[in-house]
Each structure stands twice: as C-alpha cells, then as structure tokens.
Amino acid sequence: MEDLTVDSFEFLYSGAVDKIKSHKSNLNLKEELRKLREETNVDSLRQELDKERTKRIDLEQKMNEVLKSRLEDSPPQPPRKQQSPSNNGTAEKQQKEVWSSRLQKWLHERFGVYIEDFRFQPEESTVETEEPLSAKRLTENMRRLKRGARPVTNFLRNLSALSNWHSVYTSAIAFIIYMNAAWHGWAIPMLLFLAILRLSLNYLIARGWRIQWSIVPEVFEPMEPPKEDLTVSEKFQLVLDVAQKAQNLFGKMADVLEKIKNLFMWVQPESTRKLYICLWMAFITSCVMPYKLMGFMMGLYAGIKFFIIDFLFKSCPKLRDKYDTPHIVWNSLPTDPQLKERTNATVSRRVQPLVSRSSLATVPCGVSREEETGRSHSTKKGAFHEIFSLSELERPLAVCENGWRCCLINRDRKMPTDYIRNGVLYVTESYLCFESSSSRSSASKKNKVIKLVDITDIQKYKVLSVLPGSGMGISIATPSTQKPLVFGAMIHRDEAFEAIFTQYMKIMTTTKPPASAEL
C-alpha cells in the first residue's frame, strides 16, 4: 500500500513538473515571437507584398488590353498550339512587351530624325552679309575665277584639238578606238572608263605624281603680284574693266538664251520648221527601230561628225556656210535687240519718204546738206564751236556726232575735283575736245581742247594686266603735260581709239606738226 502511494505521488509530481516546464516554454516562445514581430515588422512586409500583387495584376491587365488591341488590328492568324500554363503565359507576355519596347526605341532612334523632317516648319529668312567693294578683293576673285575655269577651258581646248586634228597621230588613234567601240556597242562603257581613268590620274597628281598630258600645249600666263596701294584712278578703272567684262559675258549669255527662246517660239518659222521636222523623224524612228540599233547608229554618226565632218567644215568655211545646217540655223536666229532693230528699220522705211519731203522743203536754196548739218550741230549746252571756242567749220566727225561718254583723269592735278572729270569726248578734223559735265557756262575752263598735231603718243590704256582684255581707256600724251591724260570708262573704247588714231595719222601725214600748243 505504501509502495502504491509513493509511486502515485511520484507520478503526480513528475506530471506537475512537466506541465510547469511546458508552460514556461510556451511563455518563452510567445515572448520570442513578440520580439521577432517587433524586430522584423511583418505587417509592413505584408502591406508591401499586397501592393506588389496589385501592381502585378494591373500590369497584367494592361498587357492583355494591348495584346487584344494589336490582335484586333492585325490580320487573322491560324490557330496556335495549346498555350502553356498561366505562369509561363505571363512570362512570355512580359518578354514580348520588353521586345516591343526595344523595337520601338530602335525605330525612333534610327528614323525619328527623318520623320521629324516631314513636319511643317516655317522657313527662316536668312539675309546674306554682303562684303564691301574692295579693289584687292576684286582682283583676287578674278584670279580665282581664272584658276577655277582653267580645267574646263583646257578640256574644251583638247576636244577642239582632237576634232581639228591638231596632232594627227593622236586624233587617228582616238578615231580608230572610238569607232571600234561604237561598232561593237561599247561607246558608253568606253566614255565611263575614260572618266574613271581621269579621276585616277587626278588622284595620283594629288598624291604628288607629276603627270601631264595634253594634246595642245598649255600656256601659263605670268602671274602679276597684286598691288597693295592703288590710286583712286586705278581703283576706278579696275572696277570699270571688270564691269566691261561682266557686261560682255552677260551679253553673250543673253544672246544664247534669246536665240533658244526665239527658236522654240516660232519667231523665225524657217528655222523652227526644220527643228519640228527633225523631232518628228526622231520620234517615229524611236518607235519603229530597236534601241540597240538606234544607239549604234547614233554612236557612229557622232564619231563621223566629230572627227571628219567638223574638220572639213572648219577647214572650208564656205562649205560650212552652205551645208552645215545647225550652224546656219543658229547664226540665222535673231536676238531680241536684232528683232527690235528690224521692226524699227521697217517703220523708218515707211516714214522716210515723208521725212525727206519735209526736209527738202526746209533747206534753203544754195546751201548744201553738209553745211546745214554742220551749222546746226550743237550739244546740250549750246553750239559746238562756241563751247570749245573754235571756228564754225569745226564739228564732230560722223562717227562721234553724239560723243563718247568717259571720264578725264589728269594725273598732274592733285585736287580731287580736278583729278577726275566726267564728260563727253569729241574728235574733229583737227582737235580732240572734251566737254566736262560739271561746267556751268558754255565756254568753261573745265572743258579740254587738244590739237591733234600736238599729240606725241596715243595708246590704249589698262590699269592692271591681270584683267583680261585691253582695258577701257585711251592715253594721250602731249608736251604740255608731265603725265599722259587718260580718257577712261569708255564703253566703246575700241571704236573711239580707231577714229582718233585714224584722224591723227591723217593729220600727221598731210601737215607738218607745228610748235606744241593747247587751247
């Protein structure tokens, strides 16, 4: 009995001890869990997880909407295989979205600039700054133009030399090679090969090779060093020389353009009719004949025309004037000034009988027509002989009844007002007369009268030799002047020089030169 009581007591004691231990351990776990919650902040982590889930769900919805819109816009496609599970599907959608964004970014980087060019942008009005007029700059630009045009002029000279058979062996070799290439249909490849060869030679020349080949020997003009200090007259004459060259160049260009316009506008029907018939024949031939045969015929004709026909026409001008149809048509085409002269001539022919009758009625009996014209000739400021204090028999020659506009440059004077004078130059049988435009009275001291017999030298005058041509001035030397007088800025300088020099030689051969004097 005692043993049972002891055993039961021990059993109860051990059970109570275990309960106490388990209770203590639960309390310790709860305390540790509470501490862990405080340390890790599980609630905030849960909130962040919930936010990420909502974001992911929103992104999946947007991706689905984008894919649906693209599927609606794209054409129907064949049914695909069975889709993978939901997790793999979302990953594939995300990967497609990444690839599509990369593709859009690449396209925008590559072609976005070009697409923006098509947008309407208002044009910016830029005003180019004009350089002030400078004689040094003008001379430099003339030299640059001359150097830049030299390759083109050399090429044209070489072509002309080939056509003229300047070098017989070179022209014969070129003729044989071209005709052989044209016969076998290799004319265009041959010309392209020559262009490639020329560029290759230019490359070697740029690298320092000395390669020079020309049918016509090149003539290098000596380059005159630029003048640093130019006088007022030299600057003025320089500008006038350049203006004369520009005037002549523009005149030639205007003649070419007006002739082309008049050719196409049926101003001269005979010439335009020939062009009209040729165009119809070329059109019918191009419709009937094959292009290979047509190219073959054109190549042969170009070679024969360039090497043989042009050579014969240049050697025999009479033959060219009679049988060279393009040359005849081009020379017969009128320019606009020529058309105006024709119309004025037609009108004057109609009016001439009436004018002649009225003039005969006004001329008194016993007075010749020459005396009447000489007596009535006058300038804007009065009678000619009164302005220059000459006899009534002195009058301008027929070639200069209205005079030549020019400026007198007296290099003996230092005052600007006396250095350059604008006016009109006349030549009579015995005198050279200059009427100053600034003279107020009829017989002014600013007018100049020079006896032809007093002239010691007469030459054409030019400021700078670098400019092409012979200038626009006439130099007159007399014993009474230290430096020659210069009549510059003359548009018709050559005509004036020829008239003055002819009359001067006529006076010098008929009379002996008296003592030098100037009125």
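Keep in mind that this is a model prediction, so the values were computed, not measured. (Residues numbered from 1 in each chain as written. Predicted model: local features only at pLDDT ≥ 70, side-chain atom pairs only at ≥ 80, totals over all residues. Heavy atoms only, no water.)

1. Observations regarding the nonpolar core
- Grouped together as the largest cluster of nonpolar side chains are 25 residues, with contacts concentrated most on Trp404, Leu425, Leu432 and Phe487.
- Those elements giving two or more residues to this core turn out to be strand S3 (404-409), strand S4 (420-427), strand S5 (431-436), strand S8 (473-477), strand S9 (485-488) and helix H16 (493-510).
- Of the residues forming this core, the biggest block, six residues, is contributed by H16.
- In this view, Leu425 contacts Gly403, Trp404, Cys406, Leu432, Cys433, Phe434, Phe487, Met490 and Ile500; residues no more than four positions away in its chain are not counted.
- Counting nine residues, the second largest nonpolar core, distinct from the first, contains Ile387, Tyr431, Cys433 and Val449. (Core = buried A, V, L, I, M, F, W, Y, C linked by side-chain atoms within 4.5 Å. Buried < 20%, exposed > 50% of the residue type's maximum accessible area, 1.4 Å probe, protein only. Helix = DSSP H or I, 4+ residues; strand = E, 2+ residues; numbered from the N terminus. Contact = heavy atoms within 4.5 Å.)

2. Quick word on the packing of aromatic side chains
- Under the definition given, this model contains 12 aromatic pairs.
- An angle of 80 degrees between the planes, with centres 6.0 Å apart, marks the rings of Trp280 and Phe283 as edge-to-face. Here Trp280 pairs with Phe283, and both are found in helix H8 (residues 269-288), just three residues apart, close to one helical turn.
- Residue classification places Trp280 among the partly exposed positions, given a relative accessible area of 45%.
- On the accessibility criterion, Phe283 (47% relative accessible area) is partly exposed.
- An aromatic cluster is present here, built from Trp266, Tyr276, Trp280 and Phe283 joined pairwise through their rings.
- Lying across the ring of Trp99, Arg102 places its NZ or CZ 5.4 Å from the centre. (Phe/Tyr/Trp six-rings, centres within 6.5 Å; stacked < 30°, edge-to-face > 60°. Lys NZ or Arg CZ within 6 Å of the ring centre and 35° of its normal.)

3. Some details on helix H6 (residues 187-206)
- Between its first and last C-alpha, H6 extends 29 Å over 20 residues, near the 28 Å set by a 1.5 Å rise per residue.
- Backbone geometry just after H6 places Gly208 at a positive phi near 115 degrees. (Expected span 1.5 Å × (residues − 1).)

4. Re unusual backbone geometry
- Its identity as a non-glycine residue notwithstanding, Trp165 has a phi of 60 degrees, on the positive side.
- With respect to the helices and strands, the residue Trp165 is situated in the loop between helix H4 (135-164) and helix H5 (168-183).

5. Description of the UniProt feature "transmembrane region" (unreviewed entry) in the protein
- In the UniProt entry, the feature "transmembrane region" (unreviewed entry) is given for residues 185-205 and 275-291.
- The span residues 185-205 carries 90% helix and 0% strand; its end-to-end C-alpha distance comes to 32 Å.
- Summarising residues 275-291: 88% helix, 0% strand, and an end-to-end C-alpha distance of 22 Å. (UniProt positions renumbered as here; feature names shortened; annotations may be inferred.)

6. Points about the pattern of salt bridges
- Considering all chains together, one arrives at eight salt bridges under this definition.
- A salt bridge links Arg53 to Asp50; the nearest nitrogen and oxygen atoms lie 3.1 Å apart. A residue pair is termed a helical-turn pair when its members lie 3 or 4 positions apart in one helix, as Arg53 and Asp50 do in helix H2 (residues 42-73) at three residues.
- Exposure remark for Asp50: the relative accessible area of 41% places this residue in the partly exposed category.
- One salt bridge in this structure joins Asp336 and Lys261, with 3.1 Å as the shortest N-O distance. A residue pair is termed long-range when its members are at least 10 positions apart, and Asp336 in helix H12 (residues 336-362) and Lys261 in helix H7 (residues 232-264) qualify at 75 residues.
- By relative accessible area, which is 29% here, Asp336 ends up partly exposed.
- A network of salt bridges, in which partner residues are shared, links Lys460, Arg493 and Asp494. (Salt bridge = Lys/Arg side-chain N within 4 Å of Asp/Glu carboxyl O.)

7. Remarks on the sheet that holds S4
- The strand order across the open sheet formed by seven strands is S6-S5-S4-S3-S9-S8-S7, and the pairing between neighbours is antiparallel. What marks the edges here is a single partner per strand, and that holds for strand S6 (448-451) and strand S7 (457-461). Pairwise comparison of adjacent strand axes, ignoring direction, gives a mean angle of 30 degrees for this sheet.
- Where S4 meets S5, five bridges bridge the pair, whose relative direction is antiparallel. Along S5, the bridge assignment pairs Tyr426 with Cys433.
- The sheet strands contacting H16 are S3, S4, S5, S7 and S8, and the helix crosses S7 at an angle near 170 degrees. (Pairing = 2+ DSSP bridges. Axes fitted to C-alpha atoms, helices over the stretch in contact; angles between N-to-C directions.)

8. As for the state of the cysteines
- One pass over the structure, following the stated rule, counts zero disulfides.
- Free cysteine Cys406: the closest other cysteine sulfur is in Cys407, separated by 6.6 Å.
- Cys400 supplies the cysteine sulfur nearest to Cys433, a cysteine that is in no disulfide, at a spacing of 9.1 Å.
- Take Cys433: its relative accessible area is 0%, and that puts it in the buried class. (Disulfide = S-S within 2.5 Å.)

9. Section: the pairing of S9
- Burial along S9 is two-sided: the residues Leu485 and Phe487 and Val486 and Gly488 are all buried.
- Looking at chain direction, S3 and S9 are connected through three bridges and run antiparallel. Each residue of the ladder has a partner; that of Leu408, found in S9, is Phe487.
- As defined by bridge partners, S8 adjoins S9 across three bridges and the pair is classed as antiparallel. Paired with Ser475 across the strands is Val486, a residue of S9.

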